[in-house]
Structure formats: C-alpha cells, structure tokens
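# What the coordinates show
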Amino acid sequence: LDVSNMMSFPLCTLIAIFPQVVAGWNLDLWYIVMQSLCIFPLFFTREEDVLNVSLITAFPRLLCGLGARSGILPILGNVMNCAAATYLSEEGNLLAFTAEACMVFSGFLSIRYMLHQNVV
C-alpha cells in the first residue's frame, strides 16, 4: 500500500498543479492509471491482509470511478479488483469481496446518476 501511495502522490500533485493535463479525452486513461494503483497493493500483501487492503482502497476506487468518462470502465475495474482479491486471499472471503463490490457499485451508480441528473 505504501508503494501505491508513493506513486499516486506525484500523479495527484501533477493534476493539482497542472489541471490542464486532465481533459475530456483522457479521463478514461487517468481512471485506468488510478485504478491500477488501487489494485497494485493486493499483489504484494500477505494472504490474511488482502481483505483489509481491499477495503482500504474501496473509497479511492469509488472516487476514481466517478471521474471516468465511460460507465462500464469502473464496473470492469472493480470486478477485476474483486477477482484479484478473491484469488489472492485465504479461503472463505468470497462473500466479503462480493459485498464490497456491491457497496462500491451501488455508491458509484447512485452518485453518477445524481451527477448526471443535476449537472449534465
């Protein structure tokens, strides 16, 4: 998780200092980079800590999903996170990862729907 944070800090600083690097045409690319930084720590954690790391990255994954231009990309990214976490964790955590994915999906879809109704 530390390596992922150290890699995302310069990216977020770059976005804060130079907001012109984020444009409408590259929002999906930024989502892929940020989602990869959320999935990355799962592969370097102990088997018993995969659930905790996945839960820690749930809110950043939700926020990153709101910035994506296409709606299917965050769904695929969170399904990939759930599959990777289920594969890398100890037995019996499938229900926890499924509940986490449903929580992120429901938050993502409801907030995105509200943004679409009120902003667009």
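Here is a short report on the structure shown in this document. (Residues numbered from 1 in each chain as written. Predicted model: local features only at pLDDT ≥ 70, side-chain atom pairs only at ≥ 80, totals over all residues. Heavy atoms only, no water.)

### Looking at the packing of helix 2 (residues 27–39) against helix 5 (residues 72–88)
How we decide: Note on geometry: axes are lines fitted to C-alpha atoms, helical ones only across the stretch in contact, with angles between N-to-C directions running from 0 to 180 degrees. In DSSP terms, a helix is any run of H or I states spanning at least four residues, a strand is any run of E spanning at least two, and both are numbered starting from the N terminus. Small angles under 35 degrees read as roughly parallel and large ones over 145 as roughly antiparallel, with 65 to 115 read as roughly perpendicular and the rest as oblique. It is the rotation of the near helix from the far one that decides the hand of a crossing: anticlockwise by less than a right angle makes it left-handed, clockwise makes it right-handed. Two residues qualify as a contact provided that any one of their heavy atoms is within 4.5 Å of a heavy atom in the partner residue.
Where helix 2 contacts helix 5, the two axes come as close as 11 Å, and the packing angle between them is 15 degrees. Relative to helix 5, helix 2 is oriented roughly parallel. Considering the relative orientation of helix 2 and helix 5, their crossing is right-handed. From helix 2, D28, Y31, I32, Q35, C38 and I39 reach across to helix 5, where they touch L73, P74, G77, N78, M80 and N81.

### Points about the pattern of salt bridges
Rule in force here: We define a salt bridge as a side-chain nitrogen of Lys or Arg found within 4 Å of a carboxyl oxygen belonging to Asp or Glu. Classification of residues uses two cut-offs on accessible area relative to the type maximum, computed with a 1.4 Å probe and protein chains only: under 20% is buried, over 50% is exposed, and between them is partly exposed.
Tallied over the entire structure, the rule returns three salt bridges. With its nearest N and O atoms 3.2 Å apart, the salt bridge here joins E48 to R46. Given a relative accessible area of 52%, R46 falls into the exposed group. Close ionic contact of D49 with R46 constitutes a salt bridge, the shortest N to O distance being 2.6 Å.

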